[in-house]
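A structural walkthrough
As a plain string of letters, each chain reads:
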Amino acid sequence: MAAKWLRMLVPWRGGWTPRGKEPRPGCAEEERHVRANDRLYNDKFSYADNRIKTSKYSILTFLPVNLFEQFQRVANAYFLVLLILQLIPEISSLSWFTTIVPLVMVLVITAVKDATDDYFRHRSDQQVNTRQSQVLIQGKLQNEKWMNVRVGDIIKLENNQFVTADLLLLSSSEPYGLCYIETAELDGENNLKVRQALTVTSDLGADIAKLAEFDGEITCEPPNNKLDRFTGTLCWRGNKHPLENEHMLLRGCVLRNTDWCFGLVVFAGPQTKLMQNCGRTTFKRTSIEKLMNTLVLWIFGFLICMGIILAIGNTIWEVKVGRAFWAYLQWGELLSNAVYSGFLTFWSYIIILNTVVPISLYVSVEVLRLGHSYFINWDRKLYYGEKDMAAEARTTTLNEELGQVEFIFSDKTGTLTQNILIFHKCSINGTTYGEVYDDFHHKVNITEKTPCVDFSFNPLSDPKFRFHDSSLVEAVKVGEACVQEFFRLLALCHTVMPEERSEGELVYQAQSPDEGALVTAARNFGFVFRARTPETITLYEIGRPVTYQLLAFLDFNNVRKRMSVIVRNPKGEIKLYCKGADTIVFERLHPSNEDLMDTTSEHLNEFAGEGLRTLALAYRELDEDVFGEWMERLQYASTVVGNREELLNELYEEVEQDLMLLGATAVEDKLQEGVPETITCLSLANIKIWVLTGDKLETAMNIGYSCNMLRDDMDEVFVISGHSSLEVARELRSAKERILGPSCAKLSSAGKSISSSSDSVFEETIIAEYALIINGHSLAHALELEVELEQVLLDVACLCKTVICCRVTPLQKAQVVELVKRHKRAVTLAIGDGANDVSMIKTAHIGVGISGQEGTQAVLASDYSFGQFRYLQRLLLVHGRWSYRRMCKFLCYFFYKNFAFTLVHFWFGFLCGFSAQTVYDQWFITLYNIVYTSLPVLAMGMFDKDVNEHFSLRYPSLYRPGQLNLLFNKRKFFTCTLHGVFTSFVLFFVPYVLCFSAVRDDGAHVSDQQAFAITIATSLVIVVSVQIGLDTDYWTAVNHFFVWGSLAMYFAILFAMHSDGLFSMFPSQFPYIGLARNALTQKSVWLVILLTTVVCIMPMLAIRFLKTDLRPSLSDKVYLLQKASRRQHPQEQSLKRVRRTSSRRSAYAFAHQQGYGELITSGRNMKFTASASTPNLSAPPSPALSPPAPVQNMSCTGWIGTWGGGGEEELGDVDSTGESPGVTDDGAGKTPTAEITA
Amino acid sequence: MMASSYNAKEEDGHHSGASGPGGAAAKSKKPDNTAFKQQRLPAWQPILTAGTVLPAFFVIGLIFIPIGIGLYVTSNNIKEFEIDYTGIDMSSPCFNCSQNFSWNSTKPCKCSLPFSLDQPFESNVFVYYGLSNFYQNHRRYVKSRDDSQLNGDLFSLTHPSKECEPYRTGSDNKPIAPCGAIANSMFNDTLELYYIDPNETRTLIPLVKKGIAWWTDKHVKFRNPGGNNSNLTASFQGNSKPVNWNKPAYELDADPENNGFINEDFIVWMRTAALPTFRKLYRIIQRKNNMTPTLPRGNYTLEVTYNYPVRSFEGRKRMILSTISWMGGKNPFLGIAYITVGSVCFFLGVVLLIIHHKYGNRSNNSDIPN
């Protein structure tokens, strides 16, 4: 019974240890052995069960663990030390509660926050753990909770169910043991993937009896976090079957389009790949927070200095005065030593003055940031309706840094562009299609209004497809063989999955948008890809169904940069269709294609110049005998265990020869909405935007022009594409010379220190606009080989208005960010949407994820996420600016109010014999920071704004102060502490002079210590309230409520504390009884308070007025303008700036570049634009066997589910070292591998 | 901030409708359109313009100067007389007393100081004693008291707070009542005033000792052990008197309403001063009738029973006679301060006005860079 209770309170596995330190029994596991349906056997290994636990605490462990964690923070530890000091009676100058009450409040607030977080984690854990699943137990299917599922169990899953644990797929309702899953939760891709059961197990079907008898044993890798890899063997009935990722259903996936399937649990609970992937997010800190920590250290120093001064004062006082005063003030024996007394006084003063380091500072800052984060989450203008996606501040600690960003590193695909591809042009047999000419043979700019080609002849066409050149349709209709073959190829050679929900309503599930665009184009032009089986592909060729036998599938990979299919058409002809990167395909053409190749490559140049993505298409007719012989060898090769891949590649190479060129396709990469405007606006805010893309140079440049980053009126565009470090160095140096003039370059090369200082000056003075475009391989040289070169690169890059890095690997993206972070003291922001941006997002100060076509991985790694690039403008210029301003004002005020409060004790020290006597009531000290003054400043930090959002966006220069750190820096800190010191001085000495001989109106004296205390305390509360009133620019109802409420609270508490009732209960804790009644009814006390307030406030008012009047900041000016304009014209639509973007279709990039053709033909910069950035090399291309062969169906897994990420950013001639989806960039993050493999 | 990037809820999250039939239209994530969430709370946005700031300066100036003048005049109308009777000088009548001091002397040392008032004191006159260089605000001194004991708590009477050390237990090992350094150092000079008629007859001026302490102190904060009606002598039986005192607490006054802890002289002393130089109310001279001044012009003698030693720490003792007004006692500083601050504000207002007119930029928005 007791054990049961204990188990309810303490989750029995792992206990209270925080996640990550959890003792995992499988940690040292080298190999996993799982036997199906044999719990006894599997229990021996003590594998984790399927219960997950993301929570940190249980009811019993919450208090100790949470307190332990909290006291690890320096500030809390500091206050604990103070508390201990206060317990020493010789030192204690304050009651214990003055420290413990704020400390407890701080601890409680944090603990409540932690507890609620943990409660929700508990709840969601509970929810997940108690989900029902059907488990095969003792020959029967039984409903079990998820948490009771064990390794080795066989589970039945139904359509649209979440996968319970990492399962080995045994059988499914679909033919050949196929099963479709959606992995959106896992890697963010929401296209369907296919998994397939082993043939041997798929025969088990849904036969419960057979399944219950199944006793296969799996030997596999230990738990790891690689989502795309699995190796193991299934040993059943004496046969060994290799297991791969294609046989696995991972936890987190959802079963789709499959009625049911059975799976064997291999990894459960915390050992699943999903859970293994949940590393802790790295903790980023803002520069303000770092500054704050430094300042707190300074304050510590200051505190110690004050302590020393007062301690010395005490020693002197004891010697000169105290000794003589012994008649009335006898000390214990110890204290007769003046030096020792001074020493004790030092500690006493440390206790008294500890409030200069505000305990509530950190908590308040956290609260503010949380509030700012919520404002971002709540902003409707950051909401992307199409995807029903609101912006999300995933990290709550970085908000103010959004107001200081100087560098933005942006991904291109999916970030600047939509990653929606449109079949735009093509070149077939030397003729280009896609242009529209008017009657006078002038090219017409294609707009929304340009008439589209009518595809009504084709009932299966996609209504969303738009094409403007009708001549292509004519060509198809006429029956031009080349054109038909062209589209036939597009319809046959791809990895798209069709889905026909109802008759004629075709939906394609494409691995890459390029393929989708191409297959859709073929569909509209009458070559409808309708259905596929592992061995056949069914097309509707101009309304006529034609079924092709798929004989072989020569898969894509990064080295091959092409893919081919070999099909047999109904006539019995065997044909190989190949599409791939132009250079690759051109190399393999039959010599007779020479002329056509020249024409086509000309067209390709044209296409590339327009920013279109190109592919070359070719085919080959194969002889039956040749093919048969080749097929045999292929089958042999696919069974070889050792160098299978090599052999296969050789075979592919062999058959993909003597191709006949058909033509080339060009698809358009559409820009996201509002991108050029956003970029213009951000660059007006003096934010440098660097585009880091995996695209090839021309495409990147073209996007640069269309985004307004590159302009015709730029003075010079430097293109760095050297292949050796010497070349790169020369190019960079000459670029620098061009910008700075030769003399400066010489100067900078002479001495680095001079250069770095002079550069910053030059950066400001250079008016001419330059742009730098650097290629990935050149970047590799610049970054890795020479430190000096790195500096030159950075200098040049910073002198340019625009920097575009193309063909960079994910790792290089991170390196570039790192470079800027290292050499510039600037805040960097990285924005991207794909797996390849994860490293960059994690490296930059702020990572922004766009939830785009490429999945949610970037979002998961990011600090902020939203749906569209254009929201960045609002995030930075509005939210970031406000956050920064608010935080700065908050900090300034916070330090001010604590200095004003605390230093009064310092002044008093000189008049009370440096005895560490407090001026105020102890309760006032306790409550000042947490009750009397905390809420107004929080309200200001939460709601304050100077200029409204329209004006912040209209005047991007308002962002400048944040970048220059103007609103809170060391100087500001000094000003506000000086202000605090001044206030404390006035607060003490004005009442001092006036109370000196003051007498009540009934004759009793008022210069008693308590009346003096209440006068100063009341003045202080009023002065800081007035000051917050002056600081608050934006008085909402909340501000009013808090400011007036705090004042009211002060008086209410004051009278309560001084009431008879409290005194009669605790006479020694409330000695101030009756004081408020006696002192605050005196006119002279109020006269003193009024005078003190005026003396404290008026100088500040005068200084502020002079500042805004004589040297108004930009925000002051805009603010005035805003006030004026509100009065005059309330409508704000007129403020919207309309900017014409440069035409995307003019070939800027091309026109500005010499030797372009040479680049293309040399092939160095050619790219293959078919598909994914992250091909899964571990998945072997599997040949589809000809019909007579036994059905093995491996082919399916060959085409589906192996390509990750999607998108066009394959890395061309740079080795892909990028992360596979779902795998963290740890592996790739270590070794810089950007070798040129050209 | 040990956030885990995995949240079990995410696993449960809504699946996009595009790819499966399961994705029914979920609740839109579009944020609510409330003024609070959209940061559109109506607000008052004050701004520091010449139109608001400059008038503030003038208004403050114009309010403060009259107040200051009023205060100054009131303060000047208050009559105050102060006499130092420490006895530092050889010529001083109290010199001898100040020299031969011992706490234990049974025979009080008396001295008398003659003085004369140039002007008559019309209304009630307050008699203060003043001490200088006396650190009643020293931390160890301030905390050396037990408020529970003073409030009549019987337990504290026998077990005084540790704060009272070293004045917690007497030499006879009995707890001291009242304990602590403050009580121990209670001012115990006796002051008597005599009016000397022009015909050289001395009249003792009656000094009222009731009503010199705060009402709350006398009736709430301070209470005798066992209530005010019991036998004080019995209550204090187990206690020892403070070391410096000549007589125990229950013999402070004959009047039971003014004896023990609720002795007003004692209460006044226990209200510690904020600064090393202070005065405390000693007695009140009530006005007899409207016809004669309370203290007419003429010669007086101050008779001091000199008990309280201050020479060791260079302290001074004073006797002060003062009348008061609506704003309290004589305090010329307040009036002067008001006049000064008021004038400075006014002057600043003028200077700012000039600066604003000469150099200030008045709403020229043309130079806002875009």
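- By the naming in an unreviewed UniProt entry, chain B goes by Cell cycle control protein and is assigned to Clupea harengus.
- Under the Sequence similarities (unreviewed entry) heading, UniProt states for chain B: "Belongs to the CDC50/LEM3 family."

- The name recorded for chain A in an unreviewed UniProt entry is Phospholipid-transporting ATPase, from Clupea harengus.
- UniProt lists a comment for chain A under the heading Sequence similarities (unreviewed entry), and it reads "Belongs to the cation transport ATPase (P-type) (TC 3.A.3) family. Type IV subfamily."
- Per its UniProt entry, chain A bears the Catalytic activity (unreviewed entry) comment "ATP + H2O + phospholipidSide 1 = ADP + phosphate + phospholipidSide 2."

1. Notes on the sheet that holds strand 5 (residues 190-196) of chain B
Residue and element names in this part refer to chain B.
- The 4 strands lie next to each other as 3-8-5-6, forming an open sheet whose pairing is antiparallel. Among the strands making up the open sheet, the edge pair consists of strand 3 (109-117) and strand 6 (202-204). Strand after strand, the sheet turns through a mean of 30 degrees between neighbouring axes, direction not considered.
- Bridging between strand 5 and strand 8 (residues 298-306) involves 7 bridges; their strand directions are antiparallel.

2. Quick look at the environment of B:G87
All names here are of chain B.
- With respect to the secondary-structure elements, G87 resides in the loop between strand 2 (80-84) and helix 3 (95-99).
- You can call G87 buried: its relative accessible area is 4%.
- Sequence-wise, G87 and K174 are 87 residues apart; in three dimensions their C-alpha atoms are separated by 36 Å.
- The contact partners of G87, leaving out residues within four places of it in the chain, are S92, C94, F95, S98 and R311.

3. Considering the interface of chain B and chain A
- Facing the 118 residues of chain B at the interface are 139 residues of chain A.
- For the pair chain B and chain A, the summed buried area comes to about 11300 Å², and 60% of that belongs to carbon and sulfur atoms.
- Run the count over chain B and chain A and you get 1 salt bridge.
- Among the salt bridges present, the one from B:R271 reaches A:D1008, with a minimum N-O distance of 3.1 Å.
- Across the chain B-chain A interface, the total number found is 22 residue pairs in polar contact (both at pLDDT 80 or more).
- It is helix 11 (residues 332-359) of chain B that contributes the most residues to the side of chain B that touches chain A, 11 residues altogether.
- For the side of chain B that touches chain A, the residue count by class is 62 nonpolar, 36 polar and 20 charged.
- Direction of pairing for strand 34 (residues 1035-1036) of chain A relative to strand 1 (residues 43-44) of chain B: antiparallel, over a ladder of 2 bridges. Each residue of the ladder has a partner; that of A:W1035, found in strand 1 of chain B, is B:W44.

Rules of the game
Counting from 1, residues in each chain are numbered in the order their sequence is written. Chains and ligands are labelled by the order in which they are written, letters from A for the one and numbers from 1 for the other. With pLDDT at 70 or above as the cut-off, local features in this predicted model cover only qualifying residues; side-chain atom pairs require 80 or more to be listed or tallied, and sums for whole chains, interfaces and linings still use all residues. Heavy atoms from the whole structure form the basis of all side-chain values; hydrogens and water molecules are not counted. UniProt positions are given in the numbering used here, feature names are shortened, and annotations may be inferred rather than shown by experiment. Strand pairing is assigned whenever DSSP detects at least two bridges linking the two strands. To qualify as a helix, a DSSP run of H or I must reach at least 4 residues; to qualify as a strand, a run of E must reach at least 2; elements of each kind are numbered from the N terminus. To get an axis, fit a line to the C-alpha atoms, keeping to the stretch in contact for a helix; angles then go from 0 to 180 degrees between the N-to-C directions. Exposure is judged per residue with a 1.4 Å probe applied to protein chains only, and the accessible area is read against the type maximum: over 50% gives exposed, under 20% gives buried, and values in between give partly exposed. Every residue pair with non-hydrogen atoms within 4.5 Å of one another is taken to be in contact. As a working definition, buried area equals the accessible area (1.4 Å probe) given up by two parts on being put together, with both sides summed. Salt bridges are identified by distance alone: a Lys or Arg side-chain nitrogen within 4 Å of an Asp or Glu carboxyl oxygen. Polar contacts here mean pairs of N or O atoms no more than 3.5 Å apart (in protein, one a potential hydrogen donor and the other a potential acceptor; neighbouring residues in sequence count only if both atoms are side-chain atoms). Ten residues, namely Ala, Val, Leu, Ile, Met, Phe, Trp, Tyr, Cys and Pro, are considered nonpolar, four, namely Asp, Glu, Lys and Arg, are considered charged, and the remaining ones, Gly among them, are considered polar.

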